[in-house]
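Structural overview for review
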Amino acid sequence: MWLEVPEEPEEPKEIRVALVLWEEAEEELCRIRTEVFVEEQNVDPDEEYDGLDARCLHALAVDEEGRGVATGRIGRMAVVKEYRGQGLGSKLLSLLEETALEQGLNRVALHAQTYAIPFYEKSGYIALGDEFLEADIPHYLMEKTLSEGI
């Protein structure tokens with residue numbers, strides 16, 4: 001009788017998270033968002049790229065090879081499929097909130113896809129109002145009051 005030996009779990013890959021400007025990382029940011037929103041969720045590229053990116057600060061997570069695996073700006077969070085469930089979204093969100101607080105903002109708002117509400121609630125966001133469609137996907141408006149204890 002042969003016993004199957006379970007494989008050793010893979011060591012988590014080292015992921016670096018940093019703030020980037022659109023003009024510095026546009027290609028990687030677009031690649032990730034296109035993969036997640038346009039290809040997986042069938043969002044029209046004209047709706048996904050809303051013209052606000054150049055005015056926004058973005059967070060970017062890269063793997064040890066320098067490949068972008070997640071990106072976010074307040075209201076646009078995307079993690080490529082094979083990196084989901086590792087806390088990257090929370091890291092990006094925390095970095096963006098800390099930066100918003102440093103810039104003097106005390107409240108942030110976003111449109112969360114309905115399935116993502118628990119993710120944002122864990123970070124202190126509150127859903128407001130009724131469900132609405134954005135890019136034919138159900139969303140809720142969510143807000144959070146920022147404080148020094150993010």
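This write-up is about the structure you can find in this document. (Residues numbered from 1 in each chain as written. Predicted model: local features only at pLDDT ≥ 70, side-chain atom pairs only at ≥ 80, totals over all residues. Heavy atoms only, no water.)

Picture the strands of a sheet paired through backbone hydrogen bonds; they go either parallel or antiparallel. Spatial strand order, E5-E7-E6: 3 strands in an open sheet with antiparallel pairing. Each edge of the open sheet carries a strand with a single partner, namely strand E5 (107–113) and strand E6 (126–134). When strand polarity is set aside, the average angle formed by the axes of neighbouring strands in this sheet is 25°. Two strands pair when backbone bridges link them, and E5 and strand E7 (residues 137–145) are joined in this way by 7 bridges, in the antiparallel orientation. By the bridge assignment, Val108 is partnered in E7 with Lys144. (Pairing = 2+ DSSP bridges. Helix = DSSP H or I, 4+ residues; strand = E, 2+ residues; numbered from the N terminus. Axes fitted to C-alpha atoms, helices over the stretch in contact; angles between N-to-C directions.)

What follows deals with the packing of aromatic side chains. All told, the structure shown has 2 aromatic pairs when counted by the stated rule. With a centroid separation of 4.9 Å and an interplanar angle of 75°, the aromatic rings of Phe119 and Tyr120 are classed as edge-to-face. Exposure remark for Phe119: the relative accessible area of 26% places this residue in the partly exposed category. Ring centres of Tyr120 and Tyr125 lie 5.5 Å apart, and the angle between their planes is 75°; this geometry places the pair in the edge-to-face category. For Tyr120, a relative accessible area of 7% translates into the label buried. (Phe/Tyr/Trp six-rings, centres within 6.5 Å; stacked < 30°, edge-to-face > 60°. Buried < 20%, exposed > 50% of the residue type's maximum accessible area, 1.4 Å probe, protein only.)

Moving on, we come to the nonpolar core. Within the largest apolar cluster, 38 residues are counted, with the highest numbers of intra-cluster contacts made by Leu88 and Tyr120. Only helix H1 (22–40), strand E2 (57–62), strand E3 (68–73), strand E4 (76–79), helix H3 (88–102), E5, helix H4 (117–122) and E7 provide two or more residues apiece to this core. Of the residues forming this core, the biggest block, 7 residues, is contributed by H1. If near-sequence neighbours (up to four positions away) are discounted, Tyr120 is found in contact with Met77, Leu93, Leu110, Ala112, Tyr125 and Met142. (Core = buried A, V, L, I, M, F, W, Y, C linked by side-chain atoms within 4.5 Å. Contact = heavy atoms within 4.5 Å.)

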